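Overview (structure and organization)
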Amino acid sequence: MSKTTLLLLTTLLIAHQSILGQSALFNISRAEISIDYQSSSPLSKYRYDSASYELARTQDDYVFESFDYTSDGLTVDGLLCRPKNSGNVKWPVIIYNRGGTGNFGKLTEEDLPDFYALAKHGFVVFASNYRYVGKRGPFDQIGGDDINDVINLYESIKELDYIDKDKVFMMGVSRGGIMTYKSLTKININAAAVVGGVADYHELAKERPIFLSGWSDLDEENNYKGLENIIPDFNEKKSEHLSSRSAVDWADQINTPILILHSRQDGRVPVNGALRMALKLSEQNKPYKLKVYDRKSHSLPYSKFDSFDEIIEWFKLHMN
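Parameters and conventions
- Residues numbered from 1 in each chain as written.
- Predicted model: local features only at pLDDT ≥ 70, side-chain atom pairs only at ≥ 80, totals over all residues.
- Heavy atoms only, no water.
- Helix = DSSP H or I, 4+ residues; strand = E, 2+ residues; numbered from the N terminus.
- Buried < 20%, exposed > 50% of the residue type's maximum accessible area, 1.4 Å probe, protein only.
- Pairing = 2+ DSSP bridges.
- Right-handed = clockwise from strand over helix to strand, strands pointing away.
- Axes fitted to C-alpha atoms, helices over the stretch in contact; angles between N-to-C directions.
- Parallel < 35°, antiparallel > 145°, perpendicular 65-115°, else oblique.
- Left-handed = near helix turned anticlockwise from the far one by under 90°.
- Contact = heavy atoms within 4.5 Å.
- Nonpolar A, V, L, I, M, F, W, Y, C, P; charged D, E, K, R; others polar.

What follows covers unusual backbone geometry. Despite not being glycine, Asn 27 has its phi angle at roughly 55 degrees, a positive value. The residue Asn 27 is located in strand 1 (residues 26–31) in this model. Since its relative accessible area comes to 52%, Asn 27 is described here as exposed. Even without being a glycine, Asn 285 presents a positive backbone phi close to 55 degrees. Within the fold, Asn 285 resides in the loop between helix 11 (271–283) and strand 9 (288–293).

Below, the structure is given as structure tokens:
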């Protein structure tokens, strides 16, 4: 190989590394809310009121995008909402951790109004589908190696030139509570919020054992094999695996200020886990705030609760 060829290859490699260094996101393309409110699903109508939904769908100040990124050698997809014209501003970030299991609850355009409702307060919102979607969906580890998908997204977006990497926040809903709590033992961010989140998997496994045994009564795409059928040594080390997904067992490892929002009548994730988590944080003198709503709900949609107002206020309180 001649010196000229070697120099050219070296230059191209440096240029390629420079491009990658700017952002690990790729396949970025425009996303949209294509369905009007009247044509949207019953779940959308529960989550959103018509005015806020149509505002998110028709507004022109923020854009929605889909993207891919690499996590442990796997391609993971996600969605984001950002200002249309960011200029030279460095924007605070909210990493949104979705709920659901495998393909059940995966991100779609129905989540975009939520992202806009957060972003319009001066944030950029990034959300990952985690690695267990598509053909991998039935094998979801729910807080196992998929935690790396949150960490790697965090590392990727810090390189974007419109991101203020010193103002990073996180929000987790339902299963996203596990993803949030566990991520906070690995990274340092300004503050976090957990909505109807799982903090005690021991309790959840007793209340809803299908997360261990799996289910097969939905369409094939949304069925789930269950942790005991996915993790080889699960039955031998059941307590250990449940504990690794139970923030109440390692609350002392979390130093990030956490806002915990939950319904007393949550029929999917018992409120007792949230109460125990608050107690553990209090015992460790950790910064937190707990708000328990009396009306029945799991996701506490902003159309019916003041959940997003509480979250934005909490994040702005910890902006510096």
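Moving on, we get to the pairing of strand 6 (residues 163–173). The element strand 6 is largely enclosed, with a buried count of eight among its eleven residues. Relative to strand 6, strand 4 (residues 91–97) runs parallel, the two sharing six bridges. Considered in strand 6, the bridge of Trp 91 is made with Ile 163. In this sheet, strand 7 (residues 191–195) lies alongside strand 6 in parallel orientation, the contact comprising five bridges. Directly across from Met 171, in strand 7, lies its bridge partner Ala 193. In terms of handedness, the path from strand 6 via helix 6 (residues 175–183) over to strand 7 forms a crossover that is right-handed.

Bringing the packing of helix 5 (residues 147–157) against helix 6 into the picture now. Between helix 5 and helix 6, the least distance of the axes is 9 Å, while the angle of their chain directions is 60 degrees. The pairing of helix 5 with helix 6 is recorded here as oblique in orientation. Of the two possible hands of crossing, helix 5 and helix 6 adopt the one that is right-handed. Contacts between helix 5 and helix 6 involve Ile 147, Val 150 and Ile 151 from the first element and Ile 178, Met 179, Lys 182 and Ser 183 from the second. Looking at side-chain class alone, the contact of helix 5 with helix 6 contains five nonpolar, one polar and one charged residues.

Attention now goes to the packing of helix 4 (residues 112–119) against helix 12 (residues 307–317). Where helix 4 contacts helix 12, the axes come no closer than 10 Å and their chain directions differ by 45 degrees. In this view, helix 4 runs oblique relative to helix 12, as classed from their interaxial angle. Seen along the crossing, helix 4 lies across helix 12 with a hand that is right-handed. Contacts between helix 4 and helix 12 involve Asp 114, Ala 117 and Leu 118 from the former and Phe 308, Ile 311 and Ile 312 from the latter.

Remember, this is a structural readout, not a statement about activity or role.
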